[in-house]
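Each chain, written out:
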Amino acid sequence: MPPTTKPAPSVEDSGYLHDPEVQLMLRTRQGDDDAFSKLVSTYQDRLTTIFFHMTQNHESAEDLAQDVFMRIYRARHGYQPTAKFSTWIFRIANNLAINSHRGRARRKEIRLPAGESTSMSGLQPDDSVLAEKSALMPTRQIDKHELQIIVQKAIEQLSEQQRLTVLLHKFEGMSYSDIAETMEMTVPAIKSLLSRARDSLRTALEPYMQMGKETR
Amino acid sequence: MEKTVRLNADQREDLVAYLDGELPDDQVRQIDTIVSRSEVARHEVEVLARTWEMLDVLPSAKASNDFASRTMTNLKALEAPYVFANQWWYAPLKRTISIAAWLAALLICGWIGFEVAKNRIPNPHEELLQDLPLIENLDSYQEARELDFIIQLKQNGLFDDAQGK
């Protein structure tokens, strides 16, 4: 009996068709702009939040979010539902974030004198002082705003990949396998990235843990 | 497991995955055992969980109220066919091209007119110009009176100097 080869599942049988956002995207492919408008409304804040924590700048975050929608809209004619819509959109966001980071890094190389720290680039000058002040006096009471700055600073100190992994897991509640698909990495790599990120965060935030508890 | 034994890197990695509910059942049971027996592991789990909770203070960023409408407008503009007539440079360019076209048409008409006039209208001076060598030597020809004599003079090269001039 000749060996039977199982045919690869077609895009239409891929299982992602049950995703309502995939359905919206398929409608967009057919020229339904209202469907796309719904997708924009669903993802605008989610993307802006991720980009905001990547860039520490609300305006840039919105610009990047808009860029993601532009790319998706332009690619709509060739859209094939080969992944969950959220995975696909955050993959595009990931690529954009990487490109944007490279662009910013290049600009900083030109603008900043060598050796100047950029770790606090996202914080206002007053915020930087605040964070440093809090670090010097870890036993004093800190309010929620201060804690926010401290956590933000801790997040900023993570590598780009670690930060995105943390944000996707924390804000989007993505599973390791979804994050792996989004970032085009393996699940063990994501597990390792998250573990290292959590370790760094723990080191940065442990001194403030008790104060954070009191603040809540 | 001893109460104070520190965890290795693999176990720490597993602890994070354990907290995230990303470990397979058999590994979850292993971690459960470790955590129940080791005070260090319990502390690790607690601190890691607490660190994760601290991220709750991070604010969610909200897109501007007009984000969706702005995005859709930009998308429409992106998709709209490129209409030359709507571009700022279209009107002045059109005017310049129109003036240039009229000038070119005028020049072409002028040239055609010149050519026609040159070829079709007879030039009264042309015959005179053709006969100029004869007119210039008319006195000499009249003095000679006979054509044979003139032909003989020409053969002797008498007129060569006069023609050369």
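Residues numbered from 1 in each chain as written. Chains lettered and ligands numbered in written order. Predicted model: local features only at pLDDT ≥ 70, side-chain atom pairs only at ≥ 80, totals over all residues.

1. Overview of the nonpolar core
One recurring pattern in soluble globular proteins is that nonpolar side chains are buried together. Heads up, the rule is: What we call a nonpolar core is a set of buried Ala, Val, Leu, Ile, Met, Phe, Trp, Tyr and Cys residues whose membership is set by joining through C-beta atoms within 7 Å. The exposure scheme places C-beta atoms from the backbone and then counts, for each residue, the other C-beta atoms within 10 Å of its own, assigning buried at 20 or more, exposed at 12 or fewer, and partly exposed in between. Comment: elements are numbered from the N terminus, with helices defined as DSSP H or I runs of at least four residues and strands as E runs of at least two. By definition, residue pairs are in contact when their C-beta atoms, positioned from the backbone, come within 7 Å.
Counting residues in hydrophobic clusters, the biggest one holds 61 residues, and the most contacted among them are A:Phe51, A:Ala65, A:Val68, A:Ile89 and A:Val151. For this core, the leading source of residues is helix H2 (residues 33-55) of chain A, giving nine residues. When neighbours within four sequence positions are excluded, A:Val151 is seen to be in contact with A:Leu205, B:Met54, B:Leu55, B:Val57 and B:Leu58.

2. Section: unusual backbone geometry
Residue and element names in this part refer to chain A. Positioned with a positive phi, Gln56 is a non-glycine residue whose angle comes to about 60 degrees. Tracing the backbone shows Gln56 in the loop between H2 and helix H3 (58-74). Judged by the 17 C-beta atoms lying within 10 Å of it, Gln56 is partly exposed. In the Ramachandran plot, Glu184 falls in the positive-phi region, its phi being about 55 degrees despite a non-glycine side chain. By the secondary structure assignment, Glu184 is in the loop between helix H8 (176-182) and helix H9 (187-205). Given 10 C-beta atoms within 10 Å, Glu184 falls into the exposed group.

3. A look at the interface of chain A and chain B
This is how it is decided: Residue polarity is assigned by list, with Asp, Glu, Lys and Arg as charged and Ala, Val, Leu, Ile, Met, Phe, Trp, Tyr, Cys and Pro as nonpolar; anything else, Gly included, falls into the polar class.
Residue-level contacts link 37 residues of chain A with 27 residues of chain B. Those elements that place two or more of their residues in the side of chain A that touches chain B are H2, H3, helix H6 (144-156), H9 and helix H10 (209-215) of chain A. Its residues assigned to classes, the side of chain A that touches chain B shows 14 nonpolar, 14 polar and nine charged.

4. Quick notes on helix H9 (residues 147-155) of chain B
Each α-helix winds once per 3.6 residues, and so residues spaced three or four apart point in a common direction. Counting buried positions along H9(B) yields zero of nine residues, so the element is predominantly exposed. B:Gly157, located one to two residues past H9(B), shows a positive phi value of around 85 degrees.

5. Quick notes on the environment of A:Leu17
Here A:Leu17 shows up in the segment before helix H1 (20-29). C-alpha separation for the pair A:Leu17 and A:Thr82, spaced 65 residues apart in sequence, amounts to 9.2 Å.

6. What to know about H3(A)
The condition is simple: To estimate the expected span of a helix, count its residues, drop one, and scale the result by 1.5 Å.
For H3(A), spanning 17 residues, the distance from its first C-alpha to its last is 24 Å, which sits close to the expected 24 Å at 1.5 Å a residue. Burial in H3(A) covers these residues: A:Ala61, A:Glu62, A:Leu64, A:Ala65, A:Gln66, A:Val68, A:Phe69, A:Ile72 and A:Tyr73.

7. A word on the confidence of the model for chain B
Test applied: Confidence of the predictor at the level of single residues is given by pLDDT, which spans 0 to 100.
When pLDDT is averaged along chain B, the result is 83, and 92% of the positions lie at 70 or above. Looking across chain B, the model is least confident in helix H10 (residues 160-164) of chain B, with a mean pLDDT of 58, and most confident in helix H5 (residues 90-120) of chain B, with 91.

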